[in-house]
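One-letter residues, chain by chain:
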Amino acid sequence: MVSFSAVAKRYPGGQEALRGVSFNIDAGELVFLTGRSGAGKSTLLKLIPAIERPTSGSVIVNGQNVGALKRPAVPYLRRNVGLVFQDQKLLYDRSAYDNVMLPLQLSGQPPKEAARRVRAALDKVGLAGRERANPVELSGGEQQRLAIARAVVNRPAILVADEPTANLDAESAARVLEIFVSFNQVGVTVIIASHDQSLISRFGKRVLHLENGVVA
Amino acid sequence: MSAWLRQHRDALAQALRRIGWLNALVIGVALALPAGGYTLLEGLKGVAGRLALEPQISVFLRPEAKRAEADALGATLRKDPRVAHVRFVPREQALKELQAVQGMPEVIAALGSNPLPDAFVITPRTDQLEKLSSDLGKLPGVADVQADAAWAKRLAALAGVGRLAVGLLAALLALGLVAVTFNTIRLQILTQREEIEVSALLGATDAFVRRPFYYMGLLQGVLGGMLALAIVGGGLWALNREVRVLAESYGSAFRFAYLPAADAAAIVLFAAALGWLGAHLSVSRHLRAAG
């Protein structure tokens, strides 16, 4: 489903974030990506939805060579990759419901079907009763779950999360991770970057460890 | 409804919610100046056109000319292909017309005999009035030729200057309209920076992101154009109240006419196109950086 071969990424400033990363993630896998800050976790995750492009090597997502993808094709790739960010990137000028609605609006879903999917997504992350709330009114854990609902509402084949538990207390973090596991159980390929070793070890899943820009 | 239509409808609704009414007003006022100038010029052109439409040449015969000479000259004039119409004014009739003018009978009585010559009033078919006038002056029995075209020409030249001024003003303010829209859209893009960034990450196409801004520019232009028409309409209404009094004192029913529907529609369309252009320039310039 996601395949990196000899991927290097050098930023314009000369900083080398990744140097020759190769791995393969099968459809339906749940993989944790670990490593210290600056090890290249975020860069690696950004290559999957073509937020960044590799300097060399190839990134294949769902059979597509993402590194060579033309700009007009990128939106269609991203609709099939659910993204959860460390800082959530929620929109605070609209309700929780409308935040989750956004991906469906921009992919042109019919309103009835879209409304049904938004409610289902909010229900799955345990926010069914909070759809009218503004994200500001939600707790940190609830905000992160809202971001997950937005990431999965388009029913992507792949879910990519960058440090989704970084700013959460242990209980909220565990709940967020359980939600990812439940999506993985219904067949979604999930990639989660985290540096929280104790939490990761509880799940007993495959771990990719990044160190100095290579998979250790 | 197809997804495409729905997205256009949503973009339009979004644009309507975020439209800058004050900006539309600025555009309206700016456009009202050339639109108003154009309307007034069109009104004046109507007057000048009516007057200049039939420039007349008066041909005065020598006072001692006999009626037979006048008849012969009349026949010559009627044969000239450059002459459309000839009206003979005998000296007796001219005197009668002059006597109808206030205060003139006393003057004429003091003169004793009729000082007026026979005359022809000619409506020419050609534009070359000067050439025709000088040719007519060489005919036997002709004392003097007066072409009334000079002032009509001056009026036409003045109207030409006016049209040029209105054109320049329109071009300048069109540029201003594009700049106003450009800046409005730029500010709107800055306001929505987060939404644009997030939408792009969630798989929004460039077209989806740009669409509301295009509609915004377009709508602002349309609104500005309609406001301009309303301002011009109100201005004309006020102006015509005064003009009516003035015109009636001259026995004229002259009024400034409102813009014909086609011209009004053209102004709104023009404003819409300029708004769209401003939006296009702004979106092209600022979205790549934001997205």
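The rules we used
- Residues numbered from 1 in each chain as written.
- Chains lettered and ligands numbered in written order.
- Predicted model: local features only at pLDDT ≥ 70, side-chain atom pairs only at ≥ 80, totals over all residues.
- Helix = DSSP H or I, 4+ residues; strand = E, 2+ residues; numbered from the N terminus.
- Rg over C-alpha atoms; globule rule 2.2 N^0.38 Å.
- Buried ≥ 20, exposed ≤ 12 C-beta atoms within 10 Å, placed from the backbone.
- Contact = placed C-beta atoms within 7 Å.
- Core = buried A, V, L, I, M, F, W, Y, C linked by C-beta atoms within 7 Å.
- Pairing = 2+ DSSP bridges.
- Domains from an automatic or database assignment.
- Expected span 1.5 Å × (residues − 1).
- Arc of directions from axis to C-beta.
- Axes fitted to C-alpha atoms, helices over the stretch in contact; angles between N-to-C directions.
- Parallel < 35°, antiparallel > 145°, perpendicular 65-115°, else oblique.
- Left-handed = near helix turned anticlockwise from the far one by under 90°.
- Nonpolar A, V, L, I, M, F, W, Y, C, P; charged D, E, K, R; others polar.

## Quick word on the overall build of chain A
Across its full length, chain A holds seven helices and ten strands. Taking 216 residues into account, the globule formula puts the C-alpha radius of gyration at 17 Å, and chain A, at 17 Å, falls close to it. If you line up chain A on its principal axes, its C-alpha atoms span 45 × 40 × 35 Å. Each of the 216 residues in chain A was classed as buried or not, and the buried ones make up 42%. Long-range contacts, defined here as pairs at least 24 residues apart, represent 69% of the contacts in chain A between residues at least 6 apart.

## Remarks on the interface of chain B and chain A
Across the boundary between the two partners, chain B contributes 14 residues, which contact 13 residues of chain A. Breaking the side of chain B that touches chain A down by element, the ones donating at least two residues are α1 (3-18) and α8 (193-201) of chain B. If one sorts the elements of the side of chain B that touches chain A by residue count, α8 of chain B sits on top with five residues.

## What about the nonpolar core?
Judged by nonpolar contacts, the single largest core of 101 residues is most densely connected at Ile48, Ala149, Leu159, Val160 and Phe180 of chain A together with Leu31 and Leu177 of chain B. Considering every element that reaches this core, the biggest residue donor is helix α9 (residues 206-249) of chain B, with 13 residues. Residues contacting Leu31 of chain B, with those up to four places away along its chain left out, are Leu173, Leu177, Gly224, Gly225, Ala228, Ile267 and Ala271 of chain B. Ile57, Leu77, Phe120 and Val142 of chain B belong to the second-largest nonpolar core, a separate cluster that totals eleven residues.

## Structural notes on the pairing of strand β3 (residues 119-124) of chain B
Residue and element names in this part refer to chain B. With four bridges joining them, strand β1 (residues 57-61) and β3 adopt antiparallel strand pairing. Each residue of the ladder has a partner; that of Val59, found in β3, is Phe120. Sheet topology note: the strand β2 (residues 83-89)/β3 ladder contains six bridges and is antiparallel. Along β3, the bridge assignment pairs Arg87 with Val121.

## Here we look at the domain arrangement of chain A
Residues and elements named next belong to chain A. Domain boundaries in chain A define domain 1 (1-80 + 156-216) and domain 2 (91-155). Between the C-alpha centres of domain 1 and domain 2 there is a distance of 23 Å. Listed per partner, the contact involves eleven residues of domain 1 and eleven residues of domain 2.

## A short note on helix α4 (residues 111-124) of chain A
All names here are of chain A. In this model, α4 (14 residues) spans 20 Å end to end at C-alpha, consistent with the 20 Å of a helix rising 1.5 Å per residue. For α4, every residue scored as buried is listed here: Arg117, Val118, Ala121 and Leu122. In a view along the axis of α4, the buried residues occupy a sector of 130°, so they form one face of it. Structural note: α4 exposes Lys112, Glu113 and Arg116 on the side pointing more than 90 degrees away from its buried face. Residues of α4 that are buried sit in contact with α3 (96-106) and α5 (140-152). Phi for Gly126, located one or two positions after α4, is positive at around 75°.

## Considering the sheet that holds strand β2 (residues 16-25) of chain A
Reading across from one edge, β2-β1-β4-β5 (chain A) is the order of the four strands in this open sheet, with antiparallel pairing throughout. Unpaired on one side and paired on the other, β2 and β5 (64-65) of chain A mark the two borders of the sheet.

## Some points on the packing of α5 of chain A against helix α6 (residues 170-185) of chain A
All names here are of chain A. Packing of α5 against α6 brings their axes to within 9 Å, and their N-to-C directions diverge by 15°. Here α5 is positioned roughly parallel relative to α6, judged by the angle of their axes. As α5 packs across α6, the resulting crossing turns out to be right-handed. Residues Gly140, Gly141, Gln144, Arg145, Ile148 and Val152 of α5 form the contact with α6, whose participating residues are Ser172, Arg175, Val176, Ile179 and Phe183. For the contact of α5 with α6, the per-class residue count stands at five nonpolar, four polar and two charged.

## Looking at the domain arrangement of chain B
Here the domain parsing of chain B yields domain 1 (3-52 + 153-290) and domain 2 (56-147). Each of domain 1 of chain B and domain 2 of chain B was reduced to a C-alpha centroid, and the two centroids are 54 Å apart.

## Re the sheet that holds strand β10 (residues 214-215) of chain A
Residues and elements named next belong to chain A. With mixed pairing, six strands are arranged side by side in an open sheet as β6-β7-β8-β3-β9-β10. Here the strands that pair on one side only, and so sit at the sheet edges, are β6 (81-84) and β10. The sheet contact formed by β6 and strand β7 (residues 158-162) spans four bridges and is parallel. In the sheet register, Leu83 faces β7, and the bridge partner there is Val160. Of the strands in this sheet, β6 and β7 are in contact with α5, which crosses β6 at around 165°.

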